[in-house]
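Architecture at a glance
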Amino acid sequence: MTDVLDELRDADPVDRASLEVPPALAARVATARGERRHRSRRPAILLGLAVAGVAVVATMVGRGDGDGRLSLADRAYAATAGPGVRHWRISIRTYINGKRRGIVQRQEGWARDGTLHTLLFDGHRLTSDIRQTRTRTRSWSAGMNDYIETPTPKQRASGPLQFGDPFADFRRAHDAGRLVQVNATTYRMRPDKRAFAPGSTLTYQLDPRTALPARAILAYTRGAGPTPSTLDGARYRSVFTYDTYERLPDTAANRAKLELLAHPGAGPSKTDARAVFAILRDGAPITDKERKLVANFAKYALFGKPRFDVSSARRGPHDIVLVAGDGYVGMMRKRGGTLATVDTATKRGMAISGSAVNKDHGMYVVVPDGVKAIRARVSHHRWKTVPVKQNVAVLPNGGYHFSLVR
Amino acid sequence: VSSSRVDALFREYGADVLAYAMRRTEVQNAEDVVAEVFLIAWRRVDRVPDTEPVLWLYAVARRVLANQRRAARRRKALVDVLGRLAGRHSAAPEAGGLVLMLALGRLRPDDREVLMLTAWEGLDASQVAAVLGCTPQAVHTRLHRARARLRAELDREIHEVSIA
């Protein structure tokens, strides 16, 4: 029997011999030390300024202006904090080096205490419906037309601007005295380092009449990643326009927006995948090695929700393995895998691509019975028609959009 | 003095610490860990030993990662990461790489760490002991036990597959 330590050595996921520290990381390590030094010296600097009688130009915003009047930030705080259900609609536009990129993303949300309901749109197309309590998160995605339920993470991976109450950071900064007034209607803060890129700035523009948020602008410079990119060092600016931000009364009707429901269209299909994909009926039996991978896939994919039946797995052309679940169909090739509800896979097909997983550059598309071909193109290139053979079409590389020709 | 010492440490061992972190978490997070480790090294430069300082850096990285995982549902996150690592890196063997990683992910953290430090960081028992803060004899015991448990997890995996 092979020693498991030898097996582990062979499976080392990092090639240490060829690993080099990215220059950006080296710079970051040096900068972090610089920041820490700067922070420790700050009291001395401030004391020096006070002794010299120098006025600090930027006004740190606290409660009131010092003469008893409320500042615009105080009014914004008063208008949005307190009990009730916060409701917002925002549009997000992204600029890279000053040029607009991508489509306008929109978000509508409701929040009350620790509960949250967010709808995410690409343009006007709903892509996600996420409901979250303090302990559970239920997420629906249009791509799969399905939902998953997971524990709510204790720490957010992104800041509230991208997901969550998009004015909560402002109120927190106001509480902590971290807002800096830039002009009559604009306030700036350093966002939470855990949720935003280092060196980011966040600027809020308030409506002077209502004291409600009008825009938030998140700006940062993209650092270099492990793989060099033409966008390294690019200046990113995300502009969040508040089409609506309001505090609704704490009524049953408004609280109902926060119930942990599933999206109406969500859920597995009633169709058996074997009725739709010939591979599952006529495909070749899988090998023991493939069975191990399918068993793992069945155990972990989508938290086991699809209840994949490993004995249903069959192999089709190009080593594609399909497996039927309870209203789901799973697709695997070598060590890569994907899944969809049977209805979604019937409507749109399913695909695996990417050299990292399969060690080749092909994009493998599985389509239901009755589909003769797929029409596919890489963005801004011509459409091409690719024939389907035994439920499978193969494209030369990843990144294609495709539709089914029945 | 402390800055130049830490700079030298980073030049010498930055990639080792990065590799250590990449084997245990996502690439992006691994860089956060490295930055935190060398910030701690700068703050506590008087505690960095002159002999084999990389072991002290590994121990700090281990604690930084442990703190992160406590806040991020440690066990499930690591199983997911190991699963993704198995899929992402071509260095993993074709047969059973994913199975091995998943079995590794199911071990207790102490067992997993002693195996990883031995197999991936290439440390001997006394060096592992320095990282984990225990005796070399304890490392021998833990390693023996961890190997048996990993083998049992792998066997269980195969057994479950055959039942299915």
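See the structure shown above.
Residues numbered from 1 in each chain as written. Chains lettered and ligands numbered in written order. Predicted model: local features only at pLDDT ≥ 70, side-chain atom pairs only at ≥ 80, totals over all residues. Heavy atoms only, no water.

Some words on the overall build of chain B
Rules: Helix and strand assignments follow DSSP, with helices taken as H or I runs no shorter than four residues and strands as E runs no shorter than two, numbered in order from the N terminus. Burial here depends on accessible area, computed with a 1.4 Å probe over protein chains only, as a share of the maximum for the residue type. Under 20% is buried, over 50% is exposed, and the range in between is partly exposed. Only heavy atoms matter for contacts: two residues are in contact if any of them lie within 4.5 Å across the pair. Residue exposure ignores everything except the shown protein chains as possible cover, and the areas themselves are Shrake-Rupley values with a 1.4 Å probe.
Looking only at helices and strands, one finds 8 helices and 0 strands in chain B. Ordered by position from the N terminus, the helices and strands of chain B form the series α-α-α-α-α-α-α-α. Counting over 164 residues, chain B shows a buried share of 55%. Considering only contacts in chain B between residues 6 or more positions apart, those separated by 24 or more positions represent 66%. Carbon and sulfur atoms make up 52% of the accessible area of chain B, which totals about 7200 Å².

Thoughts on unusual backbone geometry
Residue and element names in this part refer to chain A. Positive phi is not limited to glycine here, since His318 has a value of about 55 degrees. Position of His318 relative to the elements: it lies in the loop between strand S13 (314-315) and strand S14 (320-324). Judged by relative accessible area, His318 falls into the partly exposed class, the value being 44%. Backbone geometry places Asp319, a non-glycine residue, at a positive phi of 60 degrees. By the secondary structure assignment, Asp319 is in the loop between S13 and S14. For Asp319, a relative accessible area of 38% corresponds to the partly exposed category.

Comments concerning the packing of aromatic side chains
All names here are of chain A. As a reminder, the rule being used: Only the six-membered ring of Trp is used, alongside the rings of Phe and Tyr, when aromatic pairs are assigned; centres must lie within 6.5 Å, and planes under 30 degrees apart are stacked while those over 60 apart are edge-to-face, with the rest tilted.
Evaluated as defined, the whole model comprises 11 aromatic pairs over all chains. Ring geometry for Phe170 and Tyr187: centres 6.2 Å apart, planes at 90 degrees, overall edge-to-face. On the criterion of sequence distance, the pair formed by Phe170 in helix H4 (residues 168-175) and Tyr187 in strand S8 (residues 186-189) is long-range, its members being 17 residues apart. Residue classification places Phe170 among the buried positions, given a relative accessible area of 0%. Between the aromatic rings of Tyr220 and Tyr236, the centroid separation amounts to 5.3 Å while the plane-to-plane angle is 15 degrees, which identifies the pairing as stacked. Here Tyr220 is found in strand S10 (residues 213-221), whereas its partner Tyr236 is found in strand S11 (residues 235-248), with 16 residues between them in sequence. Taking relative accessible area as the criterion, Tyr220 reaches 22% and is therefore assigned partly exposed.

What about helix H7 (residues 125-132) of chain B?
Residues and elements named next belong to chain B. Most of H7 sits out of view: 6 of its 8 residues are buried. Residues of H7 that are buried: Ala125, Gln127, Val128, Ala129, Val131 and Leu132. The positive-phi residue at the C-terminal boundary of H7 is Gly133, with phi of around 75 degrees.

Focus: the side chain of B:Glu121
All names here are of chain B. Structurally, Glu121 can be placed in the loop between helix H6 (109-119) and H7. Exposure remark for Glu121: the relative accessible area of 10% places this residue in the buried category. When residues no more than four places from it in sequence are discounted, the contact partners of Glu121 are Tyr20, Arg23, Arg24, Tyr58 and Met116.

Considering the packing of helix H3 (residues 72-80) of chain A against H4(A)
Residues and elements named next belong to chain A. Short version of the rule: Lines fitted to C-alpha atoms define the axes, with helix axes restricted to the stretch in contact, and inter-axis angles between N-to-C directions lie between 0 and 180 degrees. Should an angle fall under 35 degrees it is taken as roughly parallel, and over 145 as roughly antiparallel, whereas 65 to 115 is taken as roughly perpendicular and any remaining angle as oblique. Handedness of a crossing follows from how the near helix is turned relative to the far one, being left-handed for an anticlockwise turn of less than a right angle and right-handed for a clockwise one. Following the grouping adopted for this structure description, the nonpolar residues are Ala, Val, Leu, Ile, Met, Phe, Trp, Tyr, Cys and Pro, the charged ones are Asp, Glu, Lys and Arg, and the polar ones are all others, Gly among them.
The contact between H3 and H4 brings their axes to 10 Å, and the two run at 125 degrees. Put simply, H3 runs oblique to H4. Viewed along their axes, H3 and H4 form a crossing whose handedness is left-handed. On H4, the residues touching Ala73, Asp74, Ala76, Tyr77 and Thr80 of H3 are Phe170, Arg171, His174 and Asp175. Split into classes, the residues belonging to the contact of H3 with H4 amount to 4 nonpolar, 2 polar and 3 charged.

Quick look at a positive patch on the surface
Residue and element names in this part refer to chain B. Note the cut-off: Only residues whose relative accessible area exceeds 30% and that take part in no salt bridge are eligible for patches, with like-charged residues grouped when within 9 Å of each other and nonpolar side chains (Val, Leu, Ile, Met, Phe, Trp, Tyr) grouped when within 5 Å. Salt bridge criterion: a side-chain nitrogen from Lys or Arg within 4 Å of a carboxyl oxygen from Asp or Glu. Working convention for charge: Lys and Arg count positive, Asp and Glu count negative, and His plus the chain ends are omitted. We put the charge of a Lys on NZ, of an Arg on CZ, of an Asp on CG and of a Glu on CD.
Together, Arg43, Arg44, Arg47 and Arg63 make up a positively charged patch on the protein surface. Note on placement: Arg44 falls in the loop between helix H2 (27-43) and helix H3 (53-70). Residue Arg44 is classed as partly exposed on the basis of its relative accessible area, which comes to 37%.

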